[in-house]
Amino acid sequence: MENFSIDNIQETIGEILVLYGFSLLSALIVLVLGWWVLKLIRNGFSKGLEKSNTDPSLQRFLTKLVDAILKVLLIITVISMLGVETTSFIAIIGAAGLAVGLALQGSLANFAGGVLILTFKPFKVGDFITANGISGTVREIGIIYTVLYTPQNQRITIPNGSLSNSSVTNFSAEDTRRLDMIFGIGYGDDIPKAKEIIQRVFESDERVLKDKGVVIGLAELGDSSVDFTVRVWCKSADFFVLMWDMNQKVKMTFDQEGVSIPFPQRDVHLFQEK
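Residues numbered from 1 in each chain as written. Predicted model: local features only at pLDDT ≥ 70, side-chain atom pairs only at ≥ 80, totals over all residues. Heavy atoms only, no water.

Here the focus is a nonpolar patch on the surface. A contiguous nonpolar patch, built from Leu-28, Leu-31, Val-32 and Trp-35 and spanning about 370 Å² of accessible area, is present on the exposed surface. By the element assignment, Leu-31 lies in helix H1 (residues 2-51). Accessibility expressed as a relative area gives 30% for Leu-31, which makes it partly exposed. (Patch = residues over 30% accessible without salt bridge, like charges linked within 9 Å, V, L, I, M, F, W, Y side chains within 5 Å. Areas by Shrake-Rupley, 256 points an atom, 1.4 Å probe, with all protein chains shown as cover. Salt bridge = Lys/Arg side-chain N within 4 Å of Asp/Glu carboxyl O. Helix = DSSP H or I, 4+ residues; strand = E, 2+ residues; numbered from the N terminus. Buried < 20%, exposed > 50% of the residue type's maximum accessible area, 1.4 Å probe, protein only.)

Here it is, written out as C-alpha cells:
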C-alpha cells in the first residue's frame, strides 16, 4: 500500500512537472532577464536626469518611482505566465491605490507641489525668499516640505502644497537690486544743497553701481518735511548693509553741513476758563 502511494505521488509530481515545468522555466528566465533589463533602464533613466540638470532630490525620487513601476509590471507578467489570473490582482492593486490616495490627499498635494517646485525651480537652496508671510533662507527643498531659516535662525517648515500655490518673492534670483530710500529736510533748508549732498554721499560709495546712476527726485512736500526719493542699484548681497550705511552717512553729512532733518511737531494751545 505504501509503495502504491509513493508511486502515485511520484507520478503526480511528474505530471505536474510536464504540465507546468516549461511555464515555470519560462517565467524564471523572464524574471531573471527582466530584472537585468530593468536595472539597465533604471541606470539609463538616472543618467538622463543627471544630464538634464534635474534637481538631485527629484532625480532620486523619479528614479525610485520608475524602478517601482517597472518591478510591479515585471512581477505581474511573471505571474500571468504561470497561469494565474491577474485581472483580480490588478483590481486589488487599483483599489488599494485609490484607498491610499484618498487617505493621503494632503500628502499627495504636498508631493505634487514638491515635484512642481523641483521641476520649475522658482527658488533654489541658498535663496532668500518670502512666502506665506514668512521670510528666510532656503536650507532644504524636499518632496513634501521646504525648510527655511529666518534671519533670527528659526527653522520654518512649509508644506510644498501651499508653497507651490502661493506667491513667492525671491530676493536672490537676480544679482542686482534697486534700493529706494527717502530723506526729508526742513522747509527752511536749501533744496539744491541737500540734493548735492545726497548725490555726493551715494556716488562716493563703491557698492553703488555707477553704470545705473543715482536718481534723486523731490517726491513730496510733506506736513513737516520736504522729502527726497533716492534710487540706486547695488548687488543683492550688499542691499541691507548699504541701506543702513547710507542712512548713517546722509544723517552725519547733513549735520556737518547744517541741513536739518525735521521731525513731526505739534503746537498745543491751553485755554483757561474764568
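Additional details are given in the paragraphs that follow.
Before going further, it helps to spend a moment on the pattern of salt bridges. Note that side chains of opposite charge can pair when their charged atoms are close. Under the defined criterion, the tally for this structure stands at nine salt bridges. Residue Glu-196 is joined to Arg-200 by a salt bridge in which the shortest nitrogen-to-oxygen separation is 3.0 Å. Residue Glu-196 and its partner Arg-200 are located together in helix H6 (residues 191-203), separated by four residues, close to a single helical turn. Owing to a relative accessible area of 34%, Arg-200 belongs among the partly exposed residues under this scheme. One salt bridge connects Lys-251 with Asp-255, and the closest N-O pair in it is separated by 2.5 Å. Residue Lys-251 and its partner Asp-255 are both found in helix H7 (residues 239-256); the two are separated by four residues, about one turn of the helix. The partly exposed category is assigned to Lys-251, whose relative accessible area is 38%. Several salt bridges converge on common partners, so that one network encompasses Asp-205, Arg-207, Asp-245 and Lys-249.

Note: strand S7 (residues 215-221) against strand S8 (residues 226-235), six bridges, orientation antiparallel. The residue bridging Glu-220 from the neighbouring strand is Asp-227, located in S8. (Pairing = 2+ DSSP bridges.)

What follows covers the nonpolar core. Ile-198, Phe-202, Val-230 and Phe-254 are the most contacted members of the largest nonpolar core, which totals 23 residues. Those elements that provide at least two residues to this core are strand S6 (176-185), H6, S8 and H7. Phe-123, Ala-131, Leu-148 and Leu-163 belong to the second-largest nonpolar core, a separate cluster that totals eleven residues. (Core = buried A, V, L, I, M, F, W, Y, C linked by side-chain atoms within 4.5 Å.)

Turning next to unusual backbone geometry. Despite not being glycine, Lys-121 shows a phi value in the positive range, around 55 degrees. In this fold, Lys-121 is placed in the loop between helix H4 (105-120) and strand S1 (128-131). Here Asn-153, not a glycine, exhibits a phi torsion of approximately 65 degrees, which is positive. By relative accessible area, which is 56% here, Asn-153 ends up exposed.

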